[in-house]
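# Remarks on the overall topology
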Amino acid sequence: MNKKRKEITLYNALFPLWMLLLFPQVWPIVLLGNFIIDSFVFLLSTRLLHLKDIKQYYWKYIAKIYLFGMLSDIIGSAYMLLMMAVFQIGPMGDEFYLTVPALILSAVLIFVFNYFITFRKLEKQFRYQLSLVFAVITAPYTFLVPSSWLY
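All values reported here derive from a predicted model rather than from experimental measurement. (Residues numbered from 1 in each chain as written. Predicted model: local features only at pLDDT ≥ 70, side-chain atom pairs only at ≥ 80, totals over all residues. Heavy atoms only, no water.)

## Describing the side chain of Thr118
Condition: Under the DSSP-based scheme used, a helix requires at least four consecutive residues in state H or I and a strand at least two consecutive residues in state E, with every element numbered from the N terminus. Working definition: with a 1.4 Å probe on protein chains only, accessible area under 20% of the residue-type maximum means buried, over 50% means exposed, and in between means partly exposed. Contacts: residue pairs with any heavy atoms within 4.5 Å of one another.
Relative to the helices and strands, Thr118 resides in helix α4 (residues 96–118). Taking the relative accessible area as the measure of exposure, Thr118 reaches 3% and is therefore buried. Beyond its immediate sequence surroundings of up to four residues, Thr118 is in contact with Tyr61, Lys64, Ile65, Phe68 and Phe113.

## So, the side chain of Thr138
Spelled out, the test is: N or O atoms within 3.5 Å of each other form a polar contact, as long as, within protein, one can give a hydrogen and the other can take it, and as long as residues adjacent in sequence are counted only when both atoms are side-chain atoms.
Along the polypeptide, Thr138 turns up in the segment after α5 (124–137). For Thr138, a relative accessible area of 15% puts it in the buried group. Here the side chain of Thr138 touches Phe134 through a polar contact of 2.5 Å, landing on its backbone oxygen. With residues up to four places along the chain from it excluded, the contact list for Thr138 reads Ile37, Asp38, Val41, Ile110 and Val133.

## Things to note about the environment of Thr46
Along the chain, the position of Thr46 falls in helix α2 (residues 27–48). Remark: the alpha-carbon pair of Thr46 and Phe126, spanning 80 residues in sequence, is separated by 8.9 Å. In this structure Thr46 touches Leu51, Ile54 and Leu130, once residues within four positions along its chain are discounted.

## Some thoughts on unusual backbone geometry
One non-glycine residue, His50, lies in the positive phi region at around 60 degrees. Owing to a relative accessible area of 67%, His50 belongs among the exposed residues under this scheme. Unlike most non-glycine residues, Asp53 shows phi in positive territory, near 60 degrees. Along the chain, the position of Asp53 falls in the loop between α2 and α3 (54–85).

## A few points about the packing of α2 against α3
The criterion, for reference: As a rule, the C-alpha atoms of each element are fitted with a line to give its axis, helices using only the stretch in contact, and angles between N-to-C directions run from 0 to 180 degrees. Geometric relationships in this document are graded by angle, where less than 35 degrees denotes roughly parallel, more than 145 denotes roughly antiparallel, 65 to 115 denotes roughly perpendicular, and other angles denote oblique. Rotating anticlockwise by less than a right angle from the far helix to the near helix defines a left-handed crossing, while the corresponding clockwise rotation defines a right-handed one. Under the grouping applied here, Gly and all other residues not named as nonpolar or charged are polar, the nonpolar ones being Ala, Val, Leu, Ile, Met, Phe, Trp, Tyr, Cys and Pro and the charged ones Asp, Glu, Lys and Arg.
It is the contact of α2 with α3, at a shortest axis distance of 9 Å, that shows an interaxial angle of 135 degrees. Put simply, α2 runs oblique to α3. Judged by the twist between their axes, the crossing of α2 over α3 is right-handed. Two secondary-structure elements touch here, α2 through Leu31, Asn34, Phe35, Asp38, Ser39, Phe42, Leu43, Thr46 and Arg47 and α3 through Ile54, Tyr57, Tyr58, Tyr61, Ile62, Ile65, Tyr66 and Met70. Classifying every residue of the contact of α2 with α3 gives twelve nonpolar, three polar and two charged.

Put into structure tokens, the structure is as follows:
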């Protein structure tokens, strides 16, 4: 009985997380970059929504926004890894049928975490608007960058 093992090549399924394993010196840049983007989106959106005491809200919410955003990105990346490694769907990590669902999953989780946890004490209208803004603007669009561009 000759069992053939099918070789699975992951390439860059977890962009940028997979790349971060190859280049650990990039971690501080990615972490700081995500924090800056989250801060910018929060400050701009709260100003446009005319929330008062923006500074107070910023310090109250920014850590949760940042951590839930990172968690959502990791879950989206884990989805892609699961599809590739376990179900052998999309061996290159470049296929839209693999990356778009991961992007949508991450965006939905960003919305859910922010709506039900981070902003739960705000008025419903502000909760919805802020959560939607973060889901749309801070979704991990880097998932759509083909990993084949990197090698």
